[in-house]
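Understanding the architecture of this molecule
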Amino acid sequence: MLTLEAEDVYALAPYAKTLGVVFEEITEVSVQGRLAHDPSLSTVGGGLHGGALMGLADVCAAVCAALNGPAGAAPATVESSTHFLRPAHTSVVATARPLRLGRNTVVEVNVHDDKGELCARVTQVVTTIKPKAS
């Protein structure tokens, strides 16, 4: 079983750290990441920008797929569908869980605000790319 720590993710995918994702849980059954509300990530009305929510969801889904894929394989999102349900005016937590495992892993990500309200639901198909033999 592959294990990852937050620092491993930041080293492999620096965007996660740049965006400000803080991992609260990293297991093969659930990856949970938090994104603090910051004015630099907001849009009209002060809510978090949809791109920030999607970035958080994508990072969590990729980590989830990597944990459930072959050792050493890199995740690559091939399809993503986002449903924005309400604006997020607080920090948010994304929880990614695998729905179907395989070469193309399907991951569902729910993004909740600090009040527990569902702000976005994302379904992603993430493929895993095996490293080339040297």
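Small disclaimer: the values here were computed from a predicted structure and weren't measured.

For the rest of this paragraph, the subject is the pattern of salt bridges. Inspection of every chain in the model, using the stated rule, returns four salt bridges. A salt bridge links D114 to R34, with the nearest nitrogen and oxygen atoms 2.9 Å apart. Linking D114 in the loop between strand 5 (104-113) and strand 6 (118-129) with R34 in strand 2 (residues 31-35), this pair joins segments that are 80 residues apart in sequence. The class for R34 is partly exposed, based on a relative accessible area of 27%. When salt bridges that share partners are traced, they join E24, R34 and D114 into one network.

Moving on to the layout of surface pockets. As a volume, the largest pocket reaches approximately 370 Å³. Forming the walls of the largest pocket are 20 residues, and the residues nearest its centre are L12, A13, A62, A66 and P75. Secondary-structure elements contributing two or more residues to the lining of the largest pocket are helix 1 (6-12), helix 2 (14-19), helix 3 (50-67) and strand 3 (74-84). At five residues, the largest contribution of residues to the lining of the largest pocket is made by helix 3. Taken together, the residues of the lining of the largest pocket sort by class into 17 nonpolar, two polar and one charged.

Overall, the coordinates contain zero disulfides when judged by the stated rule. Of all cysteine sulfurs in the structure, the one in C64 sits closest to C60, which takes part in no disulfide; the separation is 9.1 Å. Lacking any disulfide linkage, C119 is separated from the closest cysteine sulfur, that of C60, by 14 Å.

Attention now goes to the side chain of S30. Following the sequence through the fold, S30 ends up in the loop between strand 1 (22-26) and strand 2. Within the structure, the side chain of S30 is placed 3.1 Å from the side chain of E25, a separation counted as a polar contact. Each residue touching S30, except ones within four places of it in the same chain, is listed here: E25, T95, A96 and R97.

Turning to the sheet that holds strand 6, a few remarks are in order. Taken in spatial order, the six strands line up as 1-2-4-5-6-3 in an open sheet, and their pairing is antiparallel. The two strands at the open ends of the sheet, each matched to only one other strand, are strand 1 and strand 3. The average angle at which neighbouring strand axes cross in this sheet is 25°, direction not considered. Sheet topology note: the strand 4 (residues 92-100)/strand 5 ladder contains eight bridges and is antiparallel. The residue of strand 5 that forms the bridge with V92 is D113. Strands strand 1, strand 2, strand 3, strand 4, strand 5 and strand 6 of the sheet are contacted by helix 3, whose axis makes an angle of about 155° with strand 2.

Definitions and cut-offs
- Residues numbered from 1 in each chain as written.
- Predicted model: local features only at pLDDT ≥ 70, side-chain atom pairs only at ≥ 80, totals over all residues.
- Heavy atoms only, no water.
- Salt bridge = Lys/Arg side-chain N within 4 Å of Asp/Glu carboxyl O.
- Helix = DSSP H or I, 4+ residues; strand = E, 2+ residues; numbered from the N terminus.
- Buried < 20%, exposed > 50% of the residue type's maximum accessible area, 1.4 Å probe, protein only.
- 1 Å grid on protein atoms, 1.4 Å probe; cavity = no way out; pocket = protein on both sides within 12 Å on 5 of 7 lines; lining within 4 Å.
- Points joined across faces, edges and corners; volume = space filled by probe spheres on them.
- Nonpolar A, V, L, I, M, F, W, Y, C, P; charged D, E, K, R; others polar.
- Disulfide = S-S within 2.5 Å.
- Polar contact = N/O pair within 3.5 Å; in protein donor to acceptor, adjacent residues only side chain to side chain.
- Contact = heavy atoms within 4.5 Å.
- Pairing = 2+ DSSP bridges.
- Axes fitted to C-alpha atoms, helices over the stretch in contact; angles between N-to-C directions.

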